[in-house]
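# Observations on the model geometry
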Amino acid sequence: AEGIVGDSGGGSLELARVSCGAVGQRTTLPLGPFRLQRTGDNRSKHDELIRFIDSQLESVPWLEQARGKSFYAVGGNWRAIAKVQIRRDQHPVDIVHQHELPLRESLEIAGFLSTLSQPSLERFSVSKKRARLVPYAALVMERVLRIAKPRTLVFSGFGLREGIVFDQLPESEKQLDPLFEACRLAVRDSEDGAGLARWTDGLFEDEGVGGRRMRHAVCLLADSGRDDNPVHRAQSAYERALYLPSGDLDHEARAFMAYALYVRYDGSLESKPGKVVVETVTRLTTALSVRRAFRLGKILAFAQALCGGSPVLLQQFSLTCDGGEITLDQHWPANPLLSEPMAASFRALAKDLRLTPVLRQTGPDQERSAS
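Below, the structure is looked at part by part. (Residues numbered from 1 in each chain as written. Predicted model: local features only at pLDDT ≥ 70, side-chain atom pairs only at ≥ 80, totals over all residues. Heavy atoms only, no water.)

The next thing to look at is the state of the cysteines. Summed over all chains, the structure comprises 0 disulfides. Take C183: it sits in no disulfide, and the sulfur closest to it among the cysteines is that of C219, at 10 Å. (Disulfide = S-S within 2.5 Å.)

Further remarks concern a positive patch on the surface. Together, K83, R87, K129, R130 and R132 make up a positively charged patch on the protein surface. Taken together, the elements giving at least two residues each to the positive patch come down to α3 (76–88) and α6 (128–131). Positionally, R87 belongs in helix α3. (Patch = residues over 30% accessible without salt bridge, like charges linked within 9 Å, V, L, I, M, F, W, Y side chains within 5 Å. Areas by Shrake-Rupley, 256 points an atom, 1.4 Å probe, with all protein chains shown as cover. Salt bridge = Lys/Arg side-chain N within 4 Å of Asp/Glu carboxyl O. Lys, Arg positive; Asp, Glu negative; His and termini not counted. Charge placed at Lys NZ, Arg CZ, Asp CG, Glu CD. Helix = DSSP H or I, 4+ residues; strand = E, 2+ residues; numbered from the N terminus.)

Another point: the nonpolar core. In this structure, L179, W199, M257, L319 and I326 are the most contacted members of the largest nonpolar core, which totals 64 residues. The element contributing the most residues to this core is helix α14 (residues 251–264), with 10 residues. Beyond its immediate chain neighbours, meaning those up to four positions away, I326 contacts L319, T320, C321, F346, L349, A350, L353, L355, T356, P357 and V358. Counting 45 residues, the second-largest nonpolar core is a separate cluster that includes I81, A131, L139 and L145. (Core = buried A, V, L, I, M, F, W, Y, C linked by side-chain atoms within 4.5 Å. Buried < 20%, exposed > 50% of the residue type's maximum accessible area, 1.4 Å probe, protein only. Contact = heavy atoms within 4.5 Å.)

Now for a negative patch on the surface. Taken together, the side chains of E205, D206, D322 and E325 present a region of like negative charge at the surface. Relative to the elements of secondary structure, E325 occurs in strand β8 (residues 325–331). With a relative accessible area of 37%, E325 lands in the partly exposed category.

Everything listed here is a matter of geometry and, on its own, says nothing about what the molecule does.
What follows is the structure, encoded as structure tokens:
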């Protein structure tokens, strides 16, 4: 996290600078919705409330240091703002945690909700208790964003309770990767996935540390649909990844993982559900990420066909990409395993990835190469 965390409680707003895992300057302001509610109706005293809120925020000179960074919104009233925006704008993923909005959209939704009536809020499935407070919380958010001018607003599904629980964990558990742990909980044989991740190392140029981590997570989930009905495997694997119960995934990362697994299970891109998948993924992530996910999914599908789900057999092959070629090496004694139908599957993989297929067979006394 890089920027400023804002925790909106009932009676106060707590602000804190965060950078490189450390908490810096912090302050507490009397800007909770319960306190602001005492001034009267937010619509009739709108200008008066704005003056009071701004006067409080002006006492925080470091608030402007969020510019170009992120503002992290914590607290139930601010989560309600995210829920309304997700429902109003039909955002593809109904998950508040790590829901991210650019500054312009953040200001629009905060301004929209700051003057909305309680009955109008209830039509967005906001509870009566929360609907009385959300307009005040939204007005505070709008004023904070106007002063701080962060690049993005990021909502947190977690709060103080989760922080207290995390602080009490053993140090060994704090060091575990939360994404990988969530994947391991979702799949029985995560070691097979770890071997698959190693097998795909080197197949993706310039993926970076974050890209490598996402690829490894997808590999851990690669067999997540094996126990599902074959007719629904692709959709089930897609939804399992999209809604994976992990706090360490933003919506773009969820889309990458979900699409890769949909392709891995040969999900149709032309069917009605397939078109919904494509539309959802393209709304959540970049064209480059979609292409990478497609490539990873195709490679994982081929790996499964190649070894029949046996990691031991998979290690008798290696797959490499170099320029416009994709090469499958068969290491002795794997030669008999590569039947003509399997060779045809490899050529189909190369065609899907728009690469030239190269098969190489390595025996005890010789090496034979054939395109």
